Amino acid sequence: MQGAAPSEWRAIWQIFMKYSNTSESLKDNRDFQRVYQYGKSAANRTLVLYVYPRAEKMRQLEQIPYSWKMAGYTKNRVGISVSKKVGNSVVRHHLCRLVRESYRLNEDKFDRGLDLVVIVRPGARELPFSDIDRALLHVSRKLGVLQNREGAEKKNTIEESR
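Residues numbered from 1 in each chain as written. Predicted model: local features only at pLDDT ≥ 70, side-chain atom pairs only at ≥ 80, totals over all residues. Heavy atoms only, no water.

Participant: Give me the overall build of the chain: which residues, what numbers.
Facilitator: When helices and strands are tallied, the chain shows seven helices and five strands. Tracing the chain from N to C terminus, the helices and strands come up as α-β-α-β-β-α-α-β-α-β-α-α. For the chain, with 162 residues in total, the buried portion stands at 33%. Looking at the chain as shown, the accessible area adds up to about 11,100 Å², and 51% of this sits on carbon and sulfur atoms. (Helix = DSSP H or I, 4+ residues; strand = E, 2+ residues; numbered from the N terminus. Buried < 20%, exposed > 50% of the residue type's maximum accessible area, 1.4 Å probe, protein only. Areas by Shrake-Rupley, 256 points an atom, 1.4 Å probe, with all protein chains shown as cover.)

Structure, rendered in structure tokens:
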């Protein structure tokens with residue numbers, strides 16, 4: 001059995017990179033602490049979202065070389081925190097998976113170069129996925145970290161009609 005042609009592998013690789021290369025996990029305690037200390041936050045009954053625009057800070061200081069784009073400074077890093085007050089480990093892990101899936105489905109709507117920390121509140125334990133998804137988009141809109149694609153498309157169509 002022969003493998004796929006190089007052009008087919010290239011197409012498969014581009015599809016894979018499209019969906020896997022836009023975010024990473026936030027793991028270090030100092031990264032969490034930086035987001036808590038210097039980031040902005042918004043909350044609703046279900047979630048608290050902290051956002052720290054690390055790529056924007058580097059651009060303001062004019063210290064972001066082009067090669068850093070390849071090192072991940074245009075990627076978002078996401079950390080999810082679920083307290084023991086929410087439930088046992090099975091419940092906490094389930095909520096963590098729901099939040100991660102909600103972000104994954106909506107990550108193309110988010111700006112790039114952000115550190116995001118999502119804290120799940122105890123009220124989220126009984127909620128279905130659709131409510132958690134709606135809550136994540138709600139707090140993201142409050143912080144203004146969603147890309148405004150609809151407005152950009154409207155501007156382009158207005159300019160093209162002139």
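Moving on, there is more to tell.
Participant: Account for the sheet that holds strand β2 (residues 40-43), naming residues and giving values.
Facilitator: Strand order in the open sheet formed by five strands is β1-β4-β5-β3-β2, with mixed pairing between adjacent strands. Edge positions in the sheet fall to β1 (23-25) and β2, since each has one partner strand and no second. Ignoring strand direction, the axes of neighbouring strands in this sheet form an average angle of 20°. Across four bridges, β2 lies against strand β3 (residues 47-52) in antiparallel orientation. (Pairing = 2+ DSSP bridges. Axes fitted to C-alpha atoms, helices over the stretch in contact; angles between N-to-C directions.)

Participant: Requested: an account of the pattern of salt bridges, with residues and values cited.
Facilitator: Across all of its chains, the model carries nine salt bridges by this definition. Of the charged contacts, one joins D115 and R34 as a salt bridge, the two residues approaching to 3.8 Å between their closest N and O atoms. Here the residue D115 occupies a position in strand β5 (residues 115-120), and R34 occupies one in helix α2 (residues 29-38), the gap between them amounting to 81 residues. Owing to a relative accessible area of 27%, R34 belongs among the partly exposed residues under this scheme. (Salt bridge = Lys/Arg side-chain N within 4 Å of Asp/Glu carboxyl O.)

Participant: So, the side chain of K75: which residues are in play, and what are the values?
Facilitator: In this fold, K75 is placed in the loop between α4 (67-70) and β4 (76-82). Separated by 3.1 Å, the side chains of K75 and E24 make a polar contact. (Polar contact = N/O pair within 3.5 Å; in protein donor to acceptor, adjacent residues only side chain to side chain.)

Participant: Describe in detail the confidence of the model for the chain, supporting the description with residues and values.
Facilitator: Of the residues in the chain, 66% have a pLDDT of 70 or more, and the chain-wide mean is 79. Across the chain, β3 holds the top mean pLDDT of 96, while helix α7 (residues 149-161) sits lowest at 44. (pLDDT = per-residue confidence, 0-100.)

Participant: Residue-level account of the packing of aromatic side chains, with values.
Facilitator: Tallied over the entire structure, the rule returns three aromatic pairs. Aromatic pair Y36 and Y50: ring centres 5.0 Å apart, planes at 80°, arrangement edge-to-face. You can see Y36 sitting in helix α2 and its partner Y50 sitting in strand β3, a full 14 residues away along the chain. With a relative accessible area of 27%, Y36 lands in the partly exposed category. By way of ring pairs, the aromatic residues F32, Y36 and Y50 are connected into one cluster. (Phe/Tyr/Trp six-rings, centres within 6.5 Å; stacked < 30°, edge-to-face > 60°.)

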